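# Results of the structural survey
Next come the chains, spelled out residue by residue.
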Amino acid sequence: MNALAAPLALLAELTHRCPLRCPYCSNPLKLTPASGELRTDDWGRVFGEAAALGCMQVHLSGGEPAVRRDLDALVAAAAEAGLYTNLITSGVLLDAARLQALRDRGLEHVQLSFQDSTPEIADVVAGLEGAHAKKLAVARDIREAGLALTTNFVVHRRNIQHVEAMLDLGMSLGAERIEIASVQYHGWAIPNRASLMPTRAQLADATRVVEAARRTLEGIVIDFVVTDYYAQRPKACMGGWGRQFLVVSPAGFVLPCHAAETIPDLKFDNVRERALADIWRHSHAFNLFRGTAWMKEPCRSCERAEIDWGGCRCQALAVGGDPALADPACALSPAHGALLAMADADSTGNQRRFIYRQLRAGKSGEQSVAIEDAEAPA
């Protein structure tokens, strides 16, 4: 194995709190309440340690990072550490004044999420009336503040037919990059998989639209992330386990990917107790699936072993029952057939309801998760 390189980027999950209730939320099933979140000075120390380790970028995420009243201070701390600072946001808690303040403190880029190109579907998916209109206004505020903009459209069975309109909307908003990102089935997306999974025909149509746009649109980057359930080869999840990215959860746990806590009996170190560099280099969790020595067949002898690095460990566990198995997205995996069967069954079924959740504060200050369901858009 080659010498361990520095991580490229830090994904800082500032909070699990969010005003939206997206049925595909990638946050874990067990959410961290506000009282358990890292404090401002904790995050400032983490940003400094990340920069010293060699990180170039920090992605401020959630939940919705704008629920943090100290977001200005967090952006300033990241910028002062020398990190390129990107805010991943729903936009609904931002306005022109706050965006300008964030830019003045060092923010350089905003990734703005959209649930659809139309308010009729977007607001239902977000679980918040008026969310889409707010996002459109915030997109204009982002550009007027002089910030770089990526628009992220999350696609699934209920909106994938609007990919062309999504691309048009991203262009009209002045985005330098447009992401068409299929739902990845982790976290809260799993209970809603039967309402979200696109059909093979829908995915083929969307792929043709994206490929045509890439040929004709100039000066803009279009990313298309396809759901693993229809893949023949896995993606290098997060660039490979423990190779390019660090994730720090709201509670301070350091993870190789945002879903890694789904692997039972795997202990993750906390930045409150251990230095980030020491965790990156020496922690058991990061070294467990790093490189290729851990691989079983067919991964071990595969010519793509150092391309996809075995794919997604969390998906191998969820579908195959063992995080050390070949990613079921790979056609060579013994669990590949089960993955395809799940996709076909979910995409052609009659499930039409979304199950929503939202982290809410009670009168005593304790946090609880409210769960309800509603008719999904046609």
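Structure: above.
What you see as residue numbers is a count from 1 along each chain, following the sequence as written. Totals for whole chains, interfaces and linings use all residues, but because this is a predicted model, local features are given only for residues with pLDDT of at least 70 and pairs of side-chain atoms are given and counted only at 80 or more. Side-chain calculation: all heavy atoms of the structure are included, whereas hydrogens and water are not.

### Some details on the overall build of the protein chain
A helix here means a DSSP run of H or I that spans at least four residues, while a strand means a run of E at least two residues long, and both kinds are numbered starting from the N terminus. The number of helices and strands found in the protein chain is 13 helices and 11 strands. Compactness check: the protein chain gives a C-alpha radius of gyration of 20 Å against a globular reference of 21 Å for 378 residues, within 12% of the reference. Restricting to contacts in the protein chain with at least 6 residues of sequence separation, those with at least 24 account for 70%. Computed by Shrake-Rupley with a 1.4 Å probe, the accessible areas treat only the displayed protein chains as cover when residues are assessed. With the model as given, the accessible surface of the protein chain reaches about 15,900 Å², and the carbon-plus-sulfur share is 52%. We treat Lys and Arg as the positive residues and Asp and Glu as the negative residues; His and chain ends play no part in the count. Taken as the charge location is NZ of Lys, CZ of Arg, CG of Asp or CD of Glu. Charge separation in the protein chain, taken as the distance between the mean sites of 39 positive and 44 negative side-chain charges, equals 3 Å. In this treatment the radius of gyration is a C-alpha quantity, and the globule benchmark scales as 2.2 Å times the residue count to the 0.38 power. Pairs of residues are marked as contacts when any of their non-hydrogen atoms sit within 4.5 Å.

### Regarding empty space enclosed by the protein
Two kinds of site are reported from a 1 Å grid over the protein atoms alone, namely cavities, where a 1.4 Å probe fits but cannot get out, and pockets, open sets with protein on both sides within 12 Å along at least five of seven lines, and residues are called lining when an atom falls within 4 Å of a point. Grid points are joined across faces, edges and corners, and a volume is the space filled by probe spheres set on the points. For the coordinates displayed, the defined rule picks out two cavities of 30 Å³ or more. What the largest cavity holds in volume is close to 90 Å³. Only Asp, Glu, Lys and Arg are considered charged in this grouping, and only Ala, Val, Leu, Ile, Met, Phe, Trp, Tyr, Cys and Pro are considered nonpolar; every other residue, Gly among them, is considered polar. Looking at side-chain class alone, the lining of the largest cavity contains eight nonpolar, one polar and three charged residues. Roughly 60 Å³ of internal volume is contained in the second largest cavity.

### Some details on the pattern of salt bridges
The term salt bridge refers to a pairing of a side-chain nitrogen on Lys or Arg with a carboxyl oxygen on Asp or Glu at a separation within 4 Å. Tallied over the full model, the rule gives 18 salt bridges. Residues Arg68 and Glu37 are paired through a salt bridge, measuring 3.4 Å at the closest nitrogen-oxygen approach. One end of the pair, Arg68, is in the loop between strand 2 (57-61) and helix 2 (71-80); the other, Glu37, is in the loop between strand 1 (9-13) and helix 1 (40-53), with 31 residues separating them in the sequence. Accessible area is worked out with a 1.4 Å probe on protein chains only. A residue is then buried under 20% of its type maximum, exposed over 50%, and partly exposed in between. You can call Arg68 buried: its relative accessible area is 5%. According to the relative accessible area criterion, Glu37 is buried, its value standing at 7%. Through salt bridges with shared partners, one network takes in Arg39, Asp41, Asp42, Arg45 and Glu49.

### Notes on the layout of surface pockets
Estimated volume of the second largest pocket: approximately 440 Å³. Lining of the second largest pocket is provided by 22 residues; of these, Pro28, Leu29, Lys30, Glu261 and Thr262 occupy positions nearest its centre. Split into classes, the residues belonging to the lining of the second largest pocket amount to 12 nonpolar, eight polar and two charged.

### Topic: the nonpolar core
Side-chain atoms within 4.5 Å are what join buried Ala, Val, Leu, Ile, Met, Phe, Trp, Tyr and Cys residues into a set we call a nonpolar core. Core analysis: the biggest nonpolar cluster contains 83 residues, and Leu10, Trp43, Phe47, Leu60, Ile180, Leu246 and Val248 have the highest contact counts within it. Excluding anything up to four places from it in sequence, Leu10 contacts Val46, Phe47, Ala50, Cys55, Gln57, Val58, His59, Leu246 and Val248. If you look at the next biggest cluster of nonpolar residues, it comprises 21 residues, including Leu266, Phe268, Phe289 and Ala324.

### Quick word on the pairing of strand 8 (residues 245-248)
In this description, strands pair whenever DSSP reports at least two bridges between them. One ladder, built from four bridges, connects strand 1 with strand 8; its direction is parallel. Within the sheet, the bridge partner assigned to Ala9 lies in strand 8 and is Phe245. Pairing between strand 8 and strand 9 (residues 254-255): two bridges, direction antiparallel. Among the inter-strand pairings, Val248 is bridged to a residue of strand 9, identified as Val254. Between the antiparallel neighbours strand 8 and strand 9 lie five residues, among them Gly252 with a positive phi of about 100°.

### Details of the packing of aromatic side chains
Between the rings of Phe, Tyr and Trp (Trp by its six-membered ring), a pair exists once the centres lie within 6.5 Å; its type follows the angle of the planes, with under 30 degrees stacked, over 60 edge-to-face, and the other angles tilted. Following the criterion strictly, the structure yields seven aromatic pairs and no others. Relative to Tyr356, the ring of Phe354 has its centre 6.2 Å away and its plane inclined at 85°; by these criteria the two rings are edge-to-face. Classification of Tyr356 as buried rests on a relative accessible area of 3%. In textbook terms, an aromatic cluster arises when at least three aromatic residues are bridged by ring pairs, as seen for Trp241, Phe289 and Trp294. The positively charged end of Arg21 is found above the aromatic ring belonging to Tyr356, 4.8 Å away from the centroid. Charge-over-ring placement is defined geometrically: NZ (Lys) or CZ (Arg) within 6 Å of the ring centre, and within 35 degrees of the ring normal.

### Some thoughts on the pairing of strand 4 (residues 109-114)
Along strand 4, six of the six residues are buried, which leaves the element largely enclosed by surrounding structure. Every second residue of strand 4 is oriented toward a common face, with His109, Gln111 and Ser113 on one face and Val110, Leu112 and Phe114 on the other, all of them buried. Pairing of strand 3 (residues 84-89) with strand 4 involves four bridges; the strand directions are parallel. If you follow Thr89 over to strand 4, its bridge partner there is Leu112. With its strands directed away from the observer, a crossover is right-handed exactly when the path from the first strand over the helix to the second travels clockwise. Each parallel crossover has a hand, and the one from strand 3 via helix 3 (residues 96-105) to strand 4 is right-handed.

### Regarding the sheet that holds strand 7 (residues 221-225)
Spatially, 7-6-5-4-3-2-1-8-9 is the arrangement adopted by the nine strands of the open sheet, whose pairing is mixed. Here the strands that pair on one side only, and so sit at the sheet edges, are strand 7 and strand 9. Pairing geometry for strand 4 and strand 5 (residues 148-155), over six bridges, is parallel. In the sheet register, His109 faces strand 5, and the bridge partner there is Ala148.

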